[in-house]
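Fold and contact review
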Amino acid sequence: MLDLLRGLLELALPAACAACGAGVEEGAALCRRCDAALPRIPRNLCPLCQSAPATDNAGPCRACAGASSPLAACVAAVAFAGDVETWIRRFKYPRRGIAGLDPAPGAVVRALVREAGARAPGPPPALVVPVPLHPRRLRARGFNPAAILARALARDLRSRSDPVALRRLRDTPSQTGLQRRERQRNVRRAFVARDGLRLPARVWLVDDVVTTGSTLAEAARALRRAGARTIVGVCAARTRAAISSDAGPPCRR
Ligand SMILES: [Zn+2]
Ligand SMILES: [Zn+2]
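Right, let's walk through the structure included here. (Residues numbered from 1 in each chain as written. Chains lettered and ligands numbered in written order. Predicted model: local features only at pLDDT ≥ 70, side-chain atom pairs only at ≥ 80, totals over all residues. Heavy atoms only, no water.)

**As for the sheet that holds strand 6 (residues 202-210)**
Read from one edge of the open sheet, five strands run 1-7-6-2-3, paired in parallel fashion. Two strands lie at the open edges of the sheet, namely strand 1 (73-80) and strand 3 (160-161), each paired on one side alone. Of the strand pairs in this sheet, strand 6 and strand 7 (residues 230-239) are connected by eight bridges, and their pairing is parallel. The residue of strand 7 that forms the bridge with Val-210 is Arg-238. With respect to the sheet, helix 9 (residues 214-225) is in contact with strand 1, strand 2 (127-130), strand 6 and strand 7, its orientation differing from that of strand 6 by roughly 160 degrees. (Pairing = 2+ DSSP bridges. Helix = DSSP H or I, 4+ residues; strand = E, 2+ residues; numbered from the N terminus. Contact = heavy atoms within 4.5 Å. Axes fitted to C-alpha atoms, helices over the stretch in contact; angles between N-to-C directions.)

Have a look at this one:
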């Protein structure tokens, strides 16, 4: 029942700024002032790590070009910090009962992932796939936040989302505080595509927050094994640790 209500509220747009209550432009979740205060990631950065400057023609930085990522790009709109962190936490961990149905956090985070989608290079994808939760975690939480974001993107693009295209085989421990190499080991072979799944060439892979990109890269490998060729990671936010401090004023610590 709560799930159904949540689905309906996804379609509802707040009439006022979710943060301060001021008037908003039609369809916007935040007023201009609150929106402008979000820690946006500069646009001139590497399309894979959003950390080093991009090379000519918006190409990947040297480190990313040499690392042969299974992702064509991995874009987020804002840094996971300050108010963004609060909105995403409220979206991912709604309070129990009626209080958890507040549509504001969902509206803000969906707006952020849409903005990330607008930064994605290339034509729109035929399919949008969320990074899945492990079944145990999905049962405990009741919903997959990434699946809600994937559905919102697919609706905008008039494409489709497939929340069960990938399965998470291992309930990987939290990635927080791990070194890059440990994270990669942590998620190796953590995902598998649904049996018999044949994917279109272009797929967007969606998550709420990207940290080092190890999880997205591993999920992208599973999509490639199922036939996808060009996979773009689209996330609402990126942790600050992953954005270099010389990337420009919006991301300076
Ligand atoms: Zn506001
Ligand atoms: Zn890079």
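**A word on the nonpolar core**
If you look at the biggest cluster of nonpolar residues, it comprises 37 residues, and the most contacted ones within it are Ile-88, Val-206 and Val-234. Looking at this core, the elements that each hand over two or more residues are strand 1, helix 4 (82-92), helix 5 (104-119), helix 7 (145-157), strand 6 and strand 7. Sorting elements by how many residues they give to this core places helix 5 first, with seven residues. Contacts of Ile-88, omitting those with residues within four sequence positions, involve Phe-80, Val-109, Asp-208, Val-209, Ala-236 and Ala-237. (Core = buried A, V, L, I, M, F, W, Y, C linked by side-chain atoms within 4.5 Å. Buried < 20%, exposed > 50% of the residue type's maximum accessible area, 1.4 Å probe, protein only.)

**A short note on the coordination of the zinc ion (ligand 2)**
Each pair of donors in an ideal four-coordinate tetrahedral metal site encloses 109.5 degrees, whereas pairs in an ideal six-coordinate octahedral site enclose 90 or 180 degrees. On the protein side, the zinc ion (ligand 2) has Cys-46 (SG), Cys-49 (SG), Cys-61 (SG) and Cys-64 (SG) as donor atoms, found 2.3 Å from it. Each of the four donor atoms around the zinc ion (ligand 2) contributes to a set of angles spanning 104 to 114 degrees, which defines the coordination as tetrahedral. Going along the chain, you hit the donors of the zinc ion (ligand 2) in the pattern C-x2-C-x11-C-x2-C. Linking Cys-49 in the loop between helix 2 (32-36) and helix 3 (62-66) with Cys-61 in the loop between helix 2 and helix 3, this pair joins segments that are 12 residues apart in sequence. An identical accessibility class is assigned to Cys-49 and Cys-61; each is buried. (Donors = N, O, S within 2.8 Å, 3.2 Å for Na, K, Ca; no water. Tetrahedral: all angles 85-135°; square planar, octahedral: opposite > 155°, others 65-115°.)

**Notes on the layout of surface pockets**
One way to see where empty space is left: roll a probe the size of a water molecule over the atoms. In this structure, the second largest pocket spans a volume of roughly 610 Å³. Looking at the second largest pocket, it is lined by 27 residues, and the ones nearest its centre are Arg-180, Gln-184, Thr-212, Gly-213 and Ser-214. Those elements that provide at least two residues to the lining of the second largest pocket are helix 3, helix 8 (180-187), helix 9 and strand 7. Residues of the lining of the second largest pocket, tallied by class, amount to 13 nonpolar, eight polar and six charged. (1 Å grid on protein atoms, 1.4 Å probe; cavity = no way out; pocket = protein on both sides within 12 Å on 5 of 7 lines; lining within 4 Å. Points joined across faces, edges and corners; volume = space filled by probe spheres on them. Nonpolar A, V, L, I, M, F, W, Y, C, P; charged D, E, K, R; others polar.)

**Digging into unusual backbone geometry**
Not every positive phi belongs to a glycine, and Ala-58 is a case in point at roughly 60 degrees. Its place among the elements puts Ala-58 in the loop between helix 2 and helix 3. Ala-58 sits in the exposed class, given a relative accessible area of 57%. Phi is positive for Arg-158, close to 50 degrees, though the residue is something other than glycine.

**Focus: the coordination of the zinc ion (ligand 1)**
All of the protein donors around the zinc ion (ligand 1) are Cys-17 (SG), Cys-20 (SG), Cys-31 (SG) and Cys-34 (SG); their distances to the metal are 2.3 Å. Around the zinc ion (ligand 1), the four donor atoms sit at angles spanning 104 to 115 degrees, and that spread fits a shape best called tetrahedral. Counting the intervening residues between successive donors of the zinc ion (ligand 1) yields the motif C-x2-C-x10-C-x2-C. With Cys-20 in the loop between helix 1 (2-11) and helix 2 and Cys-31 in the loop between helix 1 and helix 2, the pair connects residues that are 11 residues apart, well separated along the chain.

**Considering the pairing of strand 6**
Walk down a regular strand and you will see the side chains alternate between the two sheet faces. Across the nine residues of strand 6, nine count as buried, placing the element largely inside the fold. As paired elements, strand 2 and strand 6 share four bridges and run parallel to each other. Note that in strand 6 the partner of Val-129 across the bridge is Leu-205. Handedness of the crossover joining strand 6 and strand 7 through helix 9: right-handed. (Right-handed = clockwise from strand over helix to strand, strands pointing away.)

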